[in-house]
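The chain contents come next:
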Amino acid sequence: MSLDNIYDAVLNGKAAAAAEATNAALAEGILPQDILHKACIPAMTEVGRLFEIGEKFVPEMLIAARAMQAAVNILKPLLVAADIQSAGKVVIGTVAGDLHDIGKNLVGMMLEGAGFEIIDLGTDVSAAQFVDAVKKHQPDLVGMSALLTTTMPAIKTTIDALAEAGVRGQVKVIIGGAPVSQDFATKVGADGFAADAGSAPRIAKTLIGAA
Ligand code: B1M
């Protein structure tokens, strides 16, 4: 059955098979939102769970995310046309002075896999750019990634800038990156911390009350 094929293809990181099974499911008349919610998202949730318990690793998570992307690329125009509600909108970026984006991209893909709409600001994103993006896109969440001990303070600078601009109250802030911890998140006033891309969707949903 096509949904099982899509689930297996995403779980095992087979992009071509995921695309083929998605097209087959659509041809069978399965709704795009059912393909997303009953095959793609459960598969990525399982990938995240396996990553959290150490049974999958970063490369496997990346290829699973790419396989899911292959399915989502087919579904996206159909979902937009059907006006499916997203799980929430996330503005995400790597903070000022920091060019590391592999982890941030992975988190973005996992969030997208969980049904979030992602606005990716890229790397070296200044506090002002985050503020402008919040004003422009009105997201539910702001996600910040920092990989350097020297750029971690930019997370606090950005949170402070959101407050100064009067938009801190309208978003939840989730942060992560190798040197970042829950303790640091608490100190700088972030709402949440995710240690890895596997747990990020669960924590993001909890933060906006969509868990
Ligand atoms: Co750089 N680098 N790097 N680097 N680099 C580190 C981070 C470093 C630990 C290496 C080392 O010295 N051992 C070190 C930092 C030391 C420190 O600050 N204490 C370091 C350094 C020093 C530097 C430069 C200063 C080197 C130099 O030029 N002298 C320089 C800085 C450039 C800059 O940013 N301004 C630099 C440059 C680079 C490259 C450009 C060469 C490259 C980045 C390429 C890219 O990202 N496109 C690079 C890389 C690849 C690394 C290492 C080797 C790998 C990072 C990575 O991608 N990990 C790294 C050493 C290491 O970590 N072993 C290192 C895989 C990735 C999946 O994990 O990013 O941790 P990670 O993301 C995880 C979690 O942290 C979490 O989920 C992800 C997936 O599970 N997460 C979030 C991340 N963001 C999140 C956001 C969330 C939630 C969870 O919510 C929004």
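What counts, and at which threshold
Residues numbered from 1 in each chain as written. Predicted model: local features only at pLDDT ≥ 70, side-chain atom pairs only at ≥ 80, totals over all residues. Heavy atoms only, no water. Helix = DSSP H or I, 4+ residues; strand = E, 2+ residues; numbered from the N terminus. Rg over C-alpha atoms; globule rule 2.2 N^0.38 Å. Buried < 20%, exposed > 50% of the residue type's maximum accessible area, 1.4 Å probe, protein only. Contact = heavy atoms within 4.5 Å. Pairing = 2+ DSSP bridges. Right-handed = clockwise from strand over helix to strand, strands pointing away. Expected span 1.5 Å × (residues − 1). Domains from an automatic or database assignment. Buried area = accessible area lost by both parts, 1.4 Å probe. Salt bridge = Lys/Arg side-chain N within 4 Å of Asp/Glu carboxyl O. Polar contact = N/O pair within 3.5 Å; in protein donor to acceptor, adjacent residues only side chain to side chain. Nonpolar A, V, L, I, M, F, W, Y, C, P; charged D, E, K, R; others polar.

Let's shift gears to the overall build of the protein. Counting its regular elements, the protein contains nine helices and five strands. What you see for the protein is a C-alpha radius of gyration of 17 Å, in line with the 17 Å of a compact globule of 211 residues. In terms of overall dimensions, the protein has a C-alpha envelope of 50 × 35 × 25 Å along the principal axes. Counting across all 211 residues of the protein, residues that qualify as buried make up 49%. Considering only intrachain contacts with a sequence separation of at least 6, the fraction spanning at least 24 residues in the protein is 74%.

With that settled, the discussion passes to the pairing of strand 1 (residues 88-94). The element strand 1 is largely enclosed, with a buried count of six among its seven residues. Where strand 1 and strand 2 (residues 116-120) come together, five bridges link them in parallel fashion. Counterpart to V91 in the pairing with strand 2 is I119. Each parallel crossover has a hand, and the one from strand 1 via helix 5 (residues 102-113) to strand 2 is right-handed. Across five bridges, strand 1 lies against strand 3 (residues 141-145) in parallel orientation.

Helix length check: helix 2 (residues 15-27) (13 residues) gives 18 Å between terminal C-alpha atoms against 18 Å at 1.5 Å per residue, within 8%. When helix 2 is considered as a whole, its buried residues turn out to be A18, A19, A21, T22 and A25. Once helix 2 finishes, G29 follows within two positions and takes phi at roughly 95 degrees, a positive value.

A separate point is helix 1 (residues 2-11). If you check which residues of helix 1 are buried, you get S2, L3, I6, A9, V10 and L11. At the C-terminal side of helix 1, G13 shows a positive phi close to 70 degrees.

Next up on the list: the domain arrangement of the protein. When the parts of a complex come together, some accessible area is lost, and that lost area is often taken as the interface size. Splitting the protein by domain gives domain 1 (2-81) and domain 2 (88-207). Just the C-alpha atoms count here: the centres of domain 1 and domain 2 sit 25 Å apart. Tallying the contact residues gives 12 residues for domain 1 and 12 residues for domain 2. Buried surface at the junction of domain 1 and domain 2, both sides included, amounts to about 1100 Å², of which 72% is carbon and sulfur. The interface formed by domain 1 and domain 2 includes two salt bridges. The shortest N-O distance in the salt bridge between R202 and E52 comes to 3.0 Å. At the boundary of domain 1 and domain 2, one finds two residue pairs in polar contact (both at pLDDT 80 or more). Mapped by element, the contributors of at least two residues to the side of domain 1 that touches domain 2 are helix 3 (32-52) and helix 4 (58-82). Among the elements that line the side of domain 1 that touches domain 2, the one with the most residues is helix 4, at seven residues. The class makeup of the residues in the side of domain 1 that touches domain 2 is eight nonpolar, two polar and two charged.

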